[in-house]
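Structural characterization, general
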Amino acid sequence: MRRFSSRFPQTTLLVTLAISTATFPAFAESSMESLKLNFKNPPSDARPMMRWWWFGTAVEKPEILRELQEMKADGIGGAELAFVYPEVLDSHNPADPAKDLKNLPFLSPAMLDAVHFTQAEARRLGLRIDVTLCSGWPYGGPNTTLAEAASRLRTIEVPVAAHALVAIPPALEQGDSIISASIVAKIFVPCSFENGSVCGAPPPTPAGGRNSTPPPLAWDATTAQPLTLNGSSIIITPSDKPRTALFFIASHTKQQVKRAAVEAEGYVLDPFSHQAVATHLQKVGEPLVKAFGDIPPYAIFSDSLEAYGADWTPTLPAEFLKRRGYDLLPHLPELVAGGTPAAEKVRHDWGQTLTELVNENYLTQINNWAIAHHTKFRSQTYGEPAVTFSSQNLVALPEGEGPQWRAFSTLRWATSANHVFGNNITSGETFTWLHSPVFRATPLDMKAEADIDFIVGENQIVGHGWPYSPPGHKVPEPGWSLYAAGAFNDHNPWHPVMPDVTRYIQRISWLLRQGQPANQVAILLPTDDAWASFSPAHVTVTGAMQRLISPALMSAILSAGYNVDFIDAEAINKVGLGTHQILILPPTDRIPVETLKKILDWSVRGGKTVAVGRIPTLDPEGNPSAEITELTKTIMLVPYTAELTKALDKIGDPDFKLTSSDDHTKEVVGFIRRKLPTADIYFVTNTSNRPLQATANFDTTHRDGEQWDPETGQAAHVTASNLALNLAPYESRVFIFAHYSGSEPPRNSPSDSASITPLVDLSTDWRVTFTGTKETETEPTLTDWTTNPATLYYSGEAIYARDFTINTAQKNPVFLEIEGGKPLTGSPNSPPEHEALGPNGLPDPRITRTGPGMHAYYDPPIHEAAIVFLNGQRAGSLWHPPYQLDVSKFLKPGQNHIEIHVYNTALNAWSKLPPHDYKPLIEKYGDRFQMQDLDKVQPIPSGILGPIHLVTQDTK
């Protein structure tokens, strides 16, 4: 008798939702019945969206309409218009005009008319449309002049010989100006060739980029004396030693907008400048939103802030003096050199000022503009320049990205802000680096990432993405795609199961919007330490948090059975700590006194504060503070991160406690909880590629509950304590615990393994028809398509068909089961590695890529998805473990006919095509994108590769 891993392995009977309602007495609140019904048929606004790439923009109305209709049929709730680089040269074929392709220049009347058409048709179909308020990213383009382009502080060193009487200012680039000059003593620095630097000289900077490691300085900032600029030379007091004249230049990054459409090229704008942002809103925002007509877009969108190296603006000296109370310019040698407490204070104040300027002139201005235009500002408020956690409170719809569950992530940054500031929905850019190359990502890959995003707090998925592609007679399959991302349009062979994938996402997204967030732990982000660590070309708070919030710290909290939010001092000062029960201070030096007082008031009401590594002793300016020392006396100190899990066990009751013989289980099972007035919702998922067994205890006041199948809505009774939890690889569960009125639900403890009786072996004698070629073959045993030269390059559908006989009607449930999946080597929980992370914590295309990106490290028995038909009826789909399907109601005594429609990826057919020649495109438009991992475009295993059985489950 073998073990049976059903979707409800701890129950002995699968119960339909209607039967469950009759068997278990109604919850005390009628709203719980509504919760059940809505879970089974969730509202449409919980459907995932897609980023819809318009390449060129070379779009045509008939294809726009067709793709909108396909999105609707797929269960996709809408699209975000994203205008990106051209994929093709304009073509005109008088002999066959139907094959013409034309790029519509960005903001041209024809392109704006296409936007208007899209909004009208989407509205008719009930789809939401957002729009990116630029082409490519970040904001900028042809309307951004050099004067309004992103700026940076540049330092030029001019050697001054011993006994010299003058120093010669350097020649300046266009738009540059000298804002200050000083003379300093030289010091000996060993030559360093790291990053191409030589003996203290700056390393070469990539076009539009920033240095990753500053070179050693060859001068002493503490000896700096100001110089007075006077024409083409500066008179200086002679010295008997050689020195260095420092010229501080207000310069420009000259970064170009990335991935721009035709005629959208230009500089990235200065995010600290009110006028630069206002110009962009007038020249780009106004025509785009106007094109929507009477009904504006649901939201305007700003992608992650990637103004690399932007650390200056022309008004910065005046703004600094007004806000900080002293002149920045005499302190520029300290700011550039760093390394002293005085320098850290200047850097802190500089960083704080930059944050205030981007908050006011970029975020607040755009948000106010959106309100005035009757739309909402959806913003990825992280990256570079210096936005903080609380900056997210300045926009209507903060968004995150990145499935770094057990490390700092900008997705948790956004979900936490929404939890803290009371926004119920958090969208996330999802699947961005999912299983490169394009078209390689599968439904299982999608689930693996989506489930991690769910436990981090995301409840509105924005898939990345949907490539617009011309009709097949114009562009060969698999059509257009972004240079590096998943492709989730209907050019994907497995696309017929997309409605099942989106239904799953829709259900969980909707459920995780109910009630209130209930994460028990908050981590206080050390923003003041981040500002103090800034240096020229490195002005990113989220980048600093990659270092300040270690993966070990995150793992210690999560492994203790808690879920976690981030928070910063400004948020605590404004709104407090809410329902959080434990506050964690990572190793921190600086903290505002006002924040400490708020924390102590919260502690009086029962909150517990734990400092890890050290307790802060400095005020935000870096000054030792006796008041801070006094206020922190009651804070519990855990000297080492490794001791944090044990400390948390002693001071609180974790939300979700697992007991298992395998300690690794705690590292791979994740959860999130939502709290309703009369119920608790838990979403639990196995993020790993291996099956696991554990005993779960839920910290809820309700003794009983139900487990709901995320795909079918079926329900089964469970208890909140000592629950046997058996999860297949990447399997997820929903648990609802509530108070029951009337008689209690059954108290019997169901078995976690039921007796299984093999019924029919279906592993042989299939008739396989490849629908794309109409070829049919008989498979005595199940065979990988790529082992046959005739189907080596086949991408598409194959129908597996056969008959079988069941002698008598079955009283017990009958399951179709496909076995044989196995884990692959790799780390399922590693962060996306498709492009290495830059200092802002975001994928940086200038850094060498190190791996294939996130995906499910699992070799499934079906490559890649299947839809099952029994006796002419659709029984369901198979696209993730466990590959089992309840087919009881579709069977009949006697002869039955089964068809399994199997779909693979586009890679096999794509690998047969000759390499695409991008040289003509580059010659005309420049090198705007680089297709990634083309060496991985090769045939991969396809078809059904595991044993197939019908089995019955003994319900005695």
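Residues numbered from 1 in each chain as written. Predicted model: local features only at pLDDT ≥ 70, side-chain atom pairs only at ≥ 80, totals over all residues. Heavy atoms only, no water.

The helix and strand inventory of the protein chain stands at 21 helices and 46 strands. Here the protein chain holds 956 residues, and the buried ones make up 61% of them. Considering only contacts within the protein chain whose residues lie at least 6 apart along the sequence, 81% involve residues at least 24 apart. Of the roughly 35400 Å² of accessible surface on the protein chain, a fraction of 54% belongs to carbon and sulfur atoms. (Helix = DSSP H or I, 4+ residues; strand = E, 2+ residues; numbered from the N terminus. Buried < 20%, exposed > 50% of the residue type's maximum accessible area, 1.4 Å probe, protein only. Contact = heavy atoms within 4.5 Å. Areas by Shrake-Rupley, 256 points an atom, 1.4 Å probe, with all protein chains shown as cover.)

Pairing in this closed barrel of 8 strands is parallel, and the strands run β1-β2-β3-β12-β14-β16-β17-β18 around the ring. Ignoring strand direction, the axes of neighbouring strands in this sheet form an average angle of 30°. Pairing analysis gives 4 bridges linking strand β1 (residues 49–55) to strand β18 (residues 460–467), with the strands arranged parallel. Considered in β18, the bridge of Met49 is made with Val462. (Pairing = 2+ DSSP bridges. Axes fitted to C-alpha atoms, helices over the stretch in contact; angles between N-to-C directions.)

Turning our attention to the pairing of strand β28 (residues 692–698). Here β28 shows one buried face, formed by Leu692, Ala694, Ala696 and Phe698, and one open face, formed by Gln693, Thr695 and Asn697. Relative to strand β31 (residues 723–727), β28 is paired through 5 bridges, and the arrangement is antiparallel. What sits directly across from Gln693, in β31, is Asn726.

On to the packing of helix α6 (residues 316–324) against helix α8 (residues 341–372), then. Running from N to C, α6 and α8 point in directions that differ by 105°, and their axes come no closer than 10 Å. Accordingly, the angle class assigned to the pair α6 and α8 is roughly perpendicular. Where α6 abuts α8, its residues Leu316, Glu319, Phe320, Arg323 and Arg324 lie against Asp349, Trp350, Gln352, Thr353, Leu354, Glu356, Leu357 and Glu360. In the contact of α6 with α8, the residues fall into 5 nonpolar, 2 polar and 6 charged. (Parallel < 35°, antiparallel > 145°, perpendicular 65-115°, else oblique. Nonpolar A, V, L, I, M, F, W, Y, C, P; charged D, E, K, R; others polar.)

On to the packing of aromatic side chains, then. The full count for this structure, using the stated rule, is 32 aromatic pairs. Here the aromatic rings of Trp52 and Trp54 are separated by 5.6 Å at their centres, their planes lie at 85°, and the arrangement is edge-to-face. The burial state of Trp52 is the same as that of Trp54; both residues are buried. Measuring from centroid to centroid gives 6.4 Å for Phe735 and Phe737, while their planes differ by 10°, and the two rings are stacked. Neither Phe735 nor Phe737 differs from the other in exposure class; each is buried. Members of the aromatic cluster, each reached through a chain of ring pairs, are Phe55, Tyr85, Trp480, Tyr483, Tyr918 and Phe929. The positively charged end of Arg259 is found above the aromatic ring belonging to Tyr483, 4.2 Å away from the centroid. In this structure, Arg406 packs its charged tip against the face of Trp405, placed 4.8 Å from the ring centre. (Phe/Tyr/Trp six-rings, centres within 6.5 Å; stacked < 30°, edge-to-face > 60°. Lys NZ or Arg CZ within 6 Å of the ring centre and 35° of its normal.)

Glancing now at the side chain of Arg378. Structurally, Arg378 can be placed in strand β14 (residues 376–379). In this structure Arg378 touches Glu80, Arg128, Asp130, Ala299, Ile300, Phe301, Ser302, Leu397, Glu399, Ser427 and Val462, once residues within four positions along its chain are discounted.

Turning to the pattern of salt bridges, a few remarks are in order. A complete count under the given rule lists 40 salt bridges for this structure. In this structure, Asp490 engages Arg66 in a salt bridge whose closest nitrogen and oxygen atoms are separated by 2.7 Å. One end of the pair, Asp490, is in the loop between β18 and α11 (498–511); the other, Arg66, is in helix α3 (residues 61–73), and 424 residues separate them in sequence. Note that Asp130 is salt-bridged to Arg378, the shortest N-O span being 3.1 Å. Of the two residues, Asp130 sits in strand β3 (residues 128–135) while Arg378 sits in strand β14, which places them 248 residues apart along the sequence. The class for Asp130 is buried, based on a relative accessible area of 0%. The class of Arg378 is buried, set by a relative accessible area of 1%. (Salt bridge = Lys/Arg side-chain N within 4 Å of Asp/Glu carboxyl O.)

Taken residue by residue, a regular strand's side chains alternate between the two faces of the sheet. Within strand β41 (residues 865–870), 5 of the 6 residues are buried, leaving the element largely enclosed by the surrounding structure. Here β41 runs beside strand β44 (residues 894–903); their pairing, made up of 6 bridges, is antiparallel. The residue bridging Ala865 from the neighbouring strand is Tyr903, located in β44. Taken together, the 5 bridges between β41 and strand β42 (residues 873–878) define a ladder with antiparallel strand orientation. Residue Phe869 lies in a different strand from β42, and its bridge partner there is Arg874. Hairpin geometry of β41 and β42 is characterised by an intervening segment of 2 residues between the two adjacent antiparallel strands and by a positive phi of about 50° at Asn871.

Right, let's talk about the nonpolar core for a bit. For soluble globular proteins, nonpolar side chains are generally found buried alongside one another. Counting residues in each nonpolar core, the largest one holds 240 residues, and the members touching the most others are Ile584 and Ile900. The biggest single contributor to this core is α8, with 10 residues. The residues contacting Ile584, other than those within four sequence positions of it, are Val521, Ala522, Ile523, Leu524, Leu553, Ile557, Val610, Val612, Leu644 and Leu648. Judged by nonpolar contacts, the second largest core, of 18 residues, contains Val684, Leu692, Ala720 and Leu723. (Core = buried A, V, L, I, M, F, W, Y, C linked by side-chain atoms within 4.5 Å.)

Moving on: the side chain of Asp349. One can find Asp349 in helix α8. Filtering out sequence-adjacent residues up to four positions away, Asp349 remains in contact with Phe320, Arg324, Tyr326 and Glu621.

Okay, empty space enclosed by the protein next. The tally for this structure, following the rule as stated, stands at 7 cavities of 30 Å³ or more. In this structure, the second largest cavity spans a volume of roughly 120 Å³. Contributing to the lining of the second largest cavity are 14 residues, with Leu558, Gly561, Phe656, Lys666 and Val669 lying nearest its centre. Counting residues per element, the ones that place at least two in the lining of the second largest cavity are α14 (551–559), β25 (656–659) and β26 (669–676). Split into classes, the residues belonging to the lining of the second largest cavity amount to 8 nonpolar, 4 polar and 2 charged. (1 Å grid on protein atoms, 1.4 Å probe; cavity = no way out; pocket = protein on both sides within 12 Å on 5 of 7 lines; lining within 4 Å. Points joined across faces, edges and corners; volume = space filled by probe spheres on them.)

A few words on the confidence of the model for the protein chain. Taken as a whole, the protein chain shows an average pLDDT of 89; of its residues, 89% reach a score of 70 or greater. The model gives residues 191–213 a pLDDT under 50, and that stretch makes 44 contacts with residues more than four places away or in other chains. pLDDT under 50 marks residues 829–852. Its contacts with residues more than four places away, or in other chains, come to 80 contacts. (pLDDT = per-residue confidence, 0-100.)

The next thing to look at is α8. The terminal C-alpha atoms of α8, which comprises 32 residues, lie 45 Å apart, in line with the 46 Å expected from a rise of 1.5 Å per residue. In the structure, α8 departs most strongly from a straight axis at Asn359, where the bend amounts to approximately 35°. Judged by how many residues are buried, α8 sits mostly within the fold: 23 of 32 residues are covered. Just past α8, the residue His374 takes up positive phi, approximately 60°. (Expected span 1.5 Å × (residues − 1). Bend = angle between axes of the 7 residues up to and from the residue.)

Within the secondary structure, Pro48 is located in the loop between α2 (30–40) and β1. Using a relative accessible area of 3% as the deciding quantity, one classes Pro48 as buried. Residues Pro48 and Ser509 lie 461 residues apart in sequence; the distance between their C-alpha atoms is 8.3 Å. Dropping the residues within four chain positions of it, Pro48 is found in contact with Gly75, Ile76, Gly77, Gly78, Gln460, Ile461, Thr502, Ile505 and Gln506.

The next subject is the sheet that holds strand β29 (residues 704–708). Spatial ordering of the open sheet is given by β19-β26-β27-β32-β29-β30, a layout of 6 strands whose pairing is antiparallel. One side of each edge strand has no neighbouring strand; the edge strands of this open sheet are β19 (516–517) and β30 (715–719). Sheet topology note: the β29/β30 ladder contains 5 bridges and is antiparallel. Bridged to Gly705 within β30 is Val718.

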